[in-house]
Amino acid sequence: MPEGKIVHSTSDTYGNILVVDYPRYRTLSFDSIYEQSGFYLEKPYALVHEYTRIMMLVLGFMEPRHTTLLGLGGGSLLRSLHHYLSDCDFHVVELRPKVYEIARDYFDIPDDERVWVSIEDAELQMKSSKDASTDIIFADMYDAYHMSPMQGQKQFVQECFRTLSKNGWLVINYHRLPDPNSPFFDCLIDFFSTIMVCSGEYGNHILFACKSPSVDYEGAPVKLKKMEKILNETFMPLFKRIEHITV
């Protein structure tokens with residue numbers, strides 16, 4: 001990979017924040033070797049990282065009217081979701097004000113009446129959220145080196161279940177999938193009727209949990225192929241990797 005050019009750098013109480021340009025795309029980094037987010041300068045709605053494309057697979061199973069994103073980063077998911085879902089509202093929860101400012105200034109995230117951004121700790125935000133107030137919760141909360149512990153806690157599962165609508169979905173990005181024999185996984189199974197996992201080629205594991213046992217698997221390819229055309233991306237090979245933990 002060619003060496004990148006740092007076009008912006010700043011820091012806050014949580015560490016450094018870097019914006020780095022490469023010949024084809026721009027990245028957000030939290031002062032580590034890991035890219036937090038990527039942005040094709042000539043294809044702003046395309047998704048640089050495979051794990052974000054996997055997270056988008058949930059749109060094969062439902063058409064949300066309201067979506068919650070826990071963790072903004074460079075806004076890759078928000079940008080693509082906003083472009084694809086013209087009738088959906090978005091609530092973004094980001095802990096770090098400077099991350100939001102950089103996403104707005106350097107990563108062209110949408111800024112209109114359909115997007116509401118809360119600069120707040122996601123745990124506090126989830127506790128104060130209304131029952132059945134959102135259709136999908138995307139959880140992708142990481143610092144420079146670690147996942148937020150919140151994503152592996154039973155209380156988080158319970159709050160997500162309460163906040164999701166009747167047929168809602170929880171989608172979580174993991175670098176290491178929780179132990180299927182752990183109390184956390186037992187809690188997932190107790191609350192959610194359908195649980196699936198799709199593993200990426202680069203170490204990410206995306207967990208999908210739905211409140212409803214009735215999931216339209218046969219209709220998903222039609223929706224995903226439509227999304228492929230609109231976003232100029234490939235989703236069907238990823239869809240075929242999905243493994244069912246419960247049905």
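Whatever comes next refers back to the structure up there.
Residues numbered from 1 in each chain as written. Predicted model: local features only at pLDDT ≥ 70, side-chain atom pairs only at ≥ 80, totals over all residues. Heavy atoms only, no water.

### What to know about the pairing of strand β3 (residues 25-29)
Part 1 of the argument: Most of β3 is tucked away, with 5 of its 5 residues classed as buried.
Part 2 of the argument: Residue alternation in β3 divides its side chains into two sets, Y25, T27 and S29 and R26 and L28, and both sets are buried.
Part 3 of the argument: Where strand β2 (residues 15-21) hands over to β3, the hairpin turn is made up of 3 residues, counted between the paired strands.
Part 4 of the argument: Sheet topology note: the β3/strand β4 (residues 35-40) ladder contains 5 bridges and is antiparallel. Directly across from L28, in β4, lies its bridge partner S37. (Buried < 20%, exposed > 50% of the residue type's maximum accessible area, 1.4 Å probe, protein only. Helix = DSSP H or I, 4+ residues; strand = E, 2+ residues; numbered from the N terminus. Pairing = 2+ DSSP bridges.)

### Regarding the sheet that holds β2
Part 1 of the argument: If you walk across this open sheet you meet the 4 strands as β1-β2-β3-β4, and the pairing is antiparallel. A single partner strand is all that each edge strand has here, and the edge strands are β1 (5-12) and β4. Sheet twist, expressed as the mean angle between neighbouring strand axes with direction ignored, is 15°.
Part 2 of the argument: Of the strand pairs in this sheet, β1 and β2 are connected by 7 bridges, and their pairing is antiparallel. If you follow H8 over to β2, its bridge partner there is V19.
Part 3 of the argument: Across the sheet, helix α3 (residues 97-106) lies against β1, β2, β3 and β4, angled at about 155° from β1, the strand it touches most. (Axes fitted to C-alpha atoms, helices over the stretch in contact; angles between N-to-C directions. Contact = heavy atoms within 4.5 Å.)

### So, the packing of helix α2 (residues 76-84) against helix α7 (residues 220-231)
Part 1 of the argument: Where α2 contacts α7, the two axes come as close as 11 Å, and the packing angle between them is 105°. With respect to their mutual orientation, α2 and α7 come out roughly perpendicular. Of the residues in α7, those touching α2 at S80, H83 and Y84 are K223, K226, M227, I230 and L231. (Parallel < 35°, antiparallel > 145°, perpendicular 65-115°, else oblique.)

### Quick notes on the nonpolar core
Part 1 of the argument: With 43 residues, the main nonpolar core has M56, L57, L59, L81, F138, W169 and F208 as its most contacted residues.
Part 2 of the argument: Those residues in contact with M56 that sit more than four places away from it in its chain are L47, L77, S80, L81, M227, L231 and F235.
Part 3 of the argument: Ranked by size, the runner-up nonpolar core spans 24 residues in total, among them V93, L164, F192 and A209. (Core = buried A, V, L, I, M, F, W, Y, C linked by side-chain atoms within 4.5 Å.)

### Brief notes about the sheet that holds strand β6 (residues 89-94)
Part 1 of the argument: Across the sheet, 8 strands lie side by side as β7-β6-β5-β8-β9-β11-β10-β12; this open sheet has mixed pairing. Two strands lie at the open edges of the sheet, namely β7 (115-119) and β12 (243-246), each paired on one side alone. Averaged over all pairs of adjacent strands, the angle between their axes in this sheet comes to 15°, without regard to strand direction.
Part 2 of the argument: Pairing geometry for strand β8 (residues 134-139) and strand β9 (residues 164-174), over 5 bridges, is parallel. Each residue of the ladder has a partner; that of A139, found in β9, is I172.

### Focus: the side chain of H82
Part 1 of the argument: The residue H82 is located in helix α2 in this model.
Part 2 of the argument: Note on H82: relative accessible area 14%, which makes it buried.
Part 3 of the argument: In terms of polar contacts, H82 uses its side chain to reach the side chain of D112, at 2.7 Å. (Polar contact = N/O pair within 3.5 Å; in protein donor to acceptor, adjacent residues only side chain to side chain.)

### Side note on the environment of R53
Part 1 of the argument: Looking at where R53 falls in the secondary structure, it is placed in helix α1 (residues 50-55).
Part 2 of the argument: With a relative accessible area of 18%, R53 lands in the buried category.
Part 3 of the argument: When the C-alpha positions of R53 and H66 are compared, they lie 19 Å apart, and in sequence the two are 13 residues distant.

### Observations concerning α2
Residues lying three or four places apart along an α-helix face the same way, a consequence of the helix completing one turn every 3.6 residues.
Part 1 of the argument: With respect to burial, α2 is a largely interior element, 8 of its 9 residues being buried.
Part 2 of the argument: Buried residues of α2: S76, L77, L78, R79, S80, L81, H82 and Y84, and no others.

### Quick word on the pattern of salt bridges
Part 1 of the argument: Per the stated rule, a full pass over the model turns up 9 salt bridges.
Part 2 of the argument: One salt bridge in this structure joins D105 and R104, with 3.0 Å as the shortest N-O distance.
Part 3 of the argument: R104 gets classed as partly exposed once you look at its relative accessible area, which sits at 37%.
Part 4 of the argument: Residues D131 and R162 are paired through a salt bridge, measuring 2.7 Å at the closest nitrogen-oxygen approach. Taken together, the residues D131 in the loop between α4 (122-128) and β8 and R162 in helix α5 (residues 154-163) connect sequence positions 31 residues apart.
Part 5 of the argument: Salt bridges sharing common partners tie together E50, E201 and R241. (Salt bridge = Lys/Arg side-chain N within 4 Å of Asp/Glu carboxyl O.)

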